[in-house]
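Residue-level structure breakdown
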Amino acid sequence: MRPTMRFDSILDTIGRTPVVRIGKLAPAGINLFVKVESFNPMGSVKDRMARAVIEDAERSGALAPGQTVVEATSGNTGISLAMVCAQKGYPLVITMAENFSVERRRLMRFLGARVVLTPASEKGTGMLAKAVELAREHGWFLTRQFDNEANANVHTATTAREILADFAEDGLDYWVSGFGTGGTLKGVARGLKAESPGTRIVACEPDNAPVLRSGISQERSVDGSPSVSHPSFRPHLMQGWSPDFVAKLTEDAQREGLVDEIVPVGGAEALRLSRALAREEGIFCGISSGATLAAALDVGRRAPKGANILCMLPDTGERYLSTPLFEDIEAEMDGEEMEISRSTSGYRFDSPAAPPQKPGGPVLPTEIDPEAASMVSRLLEDRQQAVVMFALEWCEFCWSVRRLFARLGISYRSVDLDSAQYQEGDVGGKIRRVLAAKAGAPTIPQIFVAGRHVGGCTEVFDAYKAGQLQEWLDGADVGFDADANIDPYEFLPGWVHAR
Ligand code: PMP
């Protein structure tokens, strides 16, 4: 019987991620598998830790109801904490170095968290110090992902148990993982060593930042926190891996003899394998996943035939659109795609445009509805709301005008002709016919200032650029930011610029 897939909370969907066999990319004679952590609700392994540290603090009383949570993170932890805090109702503040990918920040803010950036030059230690400072001075709860035992414990209790169950029959010879906090490494390695002592634990790190391989121990303050950047640290590509210090959980894993081997991985190889996973196996994941696979392949080339290897894939590729992972992935058509476009005669950019469609779809009846006409007149005569835009609710050009008006602080009435309010009796359609006759143009939006027809989106932009719109607004006593120095064309949809 399949386990139930009905849950009381999104948090109950965390974990139980699939293990998938790698086909084409596996070395001959080796059974290579990946554990796909992007199946977690927020797309990364860190969902496990986020729920665990919050619930551990709830149990111990370290976190009070409604108390603000704060943490330093390269992104995935923040996204996971944002989900957990949103679901449980805790305010969340994340500190993050400015050089981590922009989509991570926006995801966290989308989930309701605040993101406080720290200078890239101050690296991981800087963002951590900021989180500590905020917690101390504001009485916030710091989750301390780098040394919180709840982080490692959840991996022993869940990730390791899942792996043991999935390899119960044929055994696991190698388990391969990178480390950031070391929570995955310490927690899983401990669980596997206890019940499957024959499994070799392989840790991997960036080849240009051999922090573990250097054997140099991390300098720490009296409270155990890292006091300086590790001397072997160099900036590397694998976001989420090796910060510029050795986290306590990572140090524990090494000191307790849980790590059998450390494999260095190059950035270019990480990118190549992340793309190869996508294109050859259909598995979409981030840079550290490609990096971990690089180490697993290295192990596989040296392993005896028939070996079972499991490689962790920590997160999804979707949060890397602005990083080197997507650098040569174009948004525009390349030569080959243009050729496909030109291989048939219709729907192309370099052939005569299709005959203009009657705006609004169906052919417009010519009669003007007198009620609609008087409604338009009333709207245009209302001097309390002198700026009127006849719009469609979600039309991109209407939104371009809305953005300009918002930036300039112009108060206006938006008559959204396709909104539910104007649907009954086709009032919206009737108003459109009145407007088409009045404006001499059937397109939407149409903007009026004190009854004067300004035009559509670009006419409004041009009138603003010429200073004309400002005169009409002044004449109608409509306030606006006269000092704004903007090019309204910036507000057009991105695809218009790309053309
Ligand atoms: N890869 C990515 C993309 C991550 O975000 C993290 C978490 N920092 C890791 C790997 C490493 O996981 P852990 O913190 O458990 O060592």
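The paragraphs below set out a description of the structure included in this document. Each chain has its residues counted from 1, running along the sequence as written. In keeping with the model being predicted, local features are shown solely for residues with a pLDDT of at least 70 and side-chain atom pairs are shown and tallied solely at 80 or more, while totals for entire chains, interfaces and linings include all residues. Only hydrogens and water are set aside; all other atoms, that is, all heavy atoms of the structure, feed into the side-chain values.

Looking at the environment of G112
- Residue position: G112 is located in the loop between helix 3 (102-110) and strand 5 (114-118).
- Whether a residue is buried, partly exposed or exposed follows from its accessible area with a 1.4 Å probe, protein chains only, as a fraction of its type maximum: under 20%, in between, or over 50%, in that order. Under the relative-accessibility criterion, G112 is labelled exposed at 59%.
- C-alpha separation for the pair G112 and A82, spaced 30 residues apart in sequence, amounts to 6.9 Å. Starting at the N terminus, helices and strands are each numbered in turn, a helix being any DSSP run of H or I of at least four residues and a strand any DSSP run of E of at least two.

Let's talk about the sheet that holds strand 14 (residues 452-455)
- Criterion used throughout: strands pair if DSSP finds at least two bridges between them. If you trace the four strands from one edge of the open sheet to the other, you get 12-11-13-14, paired in mixed fashion. Across the chains shown, the open sheet's two edge strands, defined by having one partner strand only, are strand 12 (413-416) and strand 14. Geometrically, the sheet is characterised by an average inter-axis angle of 25° between neighbouring strands, direction not taken into account.
- Sheet topology places strand 11 (residues 387-391) next to strand 13 (residues 446-449); four bridges connect them, and they run antiparallel. Within strand 13, the residue paired with V387 across the bridge is V449.
- The criterion used for residue contact is that any of the two residues' heavy atoms lie within 4.5 Å. In this analysis, axes come from line fits to C-alpha atoms, helices being fitted only over the stretch in contact, and the angle between any two N-to-C directions falls in the range 0 to 180 degrees. Each of strand 11, strand 12 and strand 13 is contacted by helix 11 (residues 370-381), which is oriented at about 145° to strand 11, the strand it contacts most.

Regarding the site of the ligand
- Working definition: residue near molecule or strand if any one of its non-hydrogen atoms lies within 4 Å of it. Around the ligand, the surrounding shell holds 15 residues, and the nearest of these are K46, G180, T181, T184 and S288.
- Separating an oxygen atom of the ligand from a side-chain N or O atom of K46 is a distance of 2.6 Å.
- We call two N or O atoms a polar contact when they sit within 3.5 Å, provided that within protein one can donate a hydrogen and the other can accept it, with sequence-adjacent residues counted only if both atoms are side-chain atoms. Between the ligand and N76, the relevant distance is 2.8 Å, taken from an oxygen atom to a side-chain nitrogen or oxygen of the residue.
- Mapping the ligand onto the cavity grids shows that it belongs to the largest pocket.
- For this scheme, ten residues count as nonpolar: Ala, Val, Leu, Ile, Met, Phe, Trp, Tyr, Cys and Pro. Four count as charged, namely Asp, Glu, Lys and Arg, and the remainder, Gly too, count as polar. Residue composition of the shell around the ligand, grouped by class: four nonpolar, nine polar and two charged. Here a cavity means grid points, on a 1 Å grid over the protein atoms only, where a 1.4 Å probe fits yet cannot get out; a pocket means an open set of points with protein on both sides within 12 Å along at least five of seven lines; lining residues are those with an atom within 4 Å of a point. Those molecules having more than half of their atoms within 2 Å of a cavity or pocket grid point set are described as sitting in that cavity or pocket.

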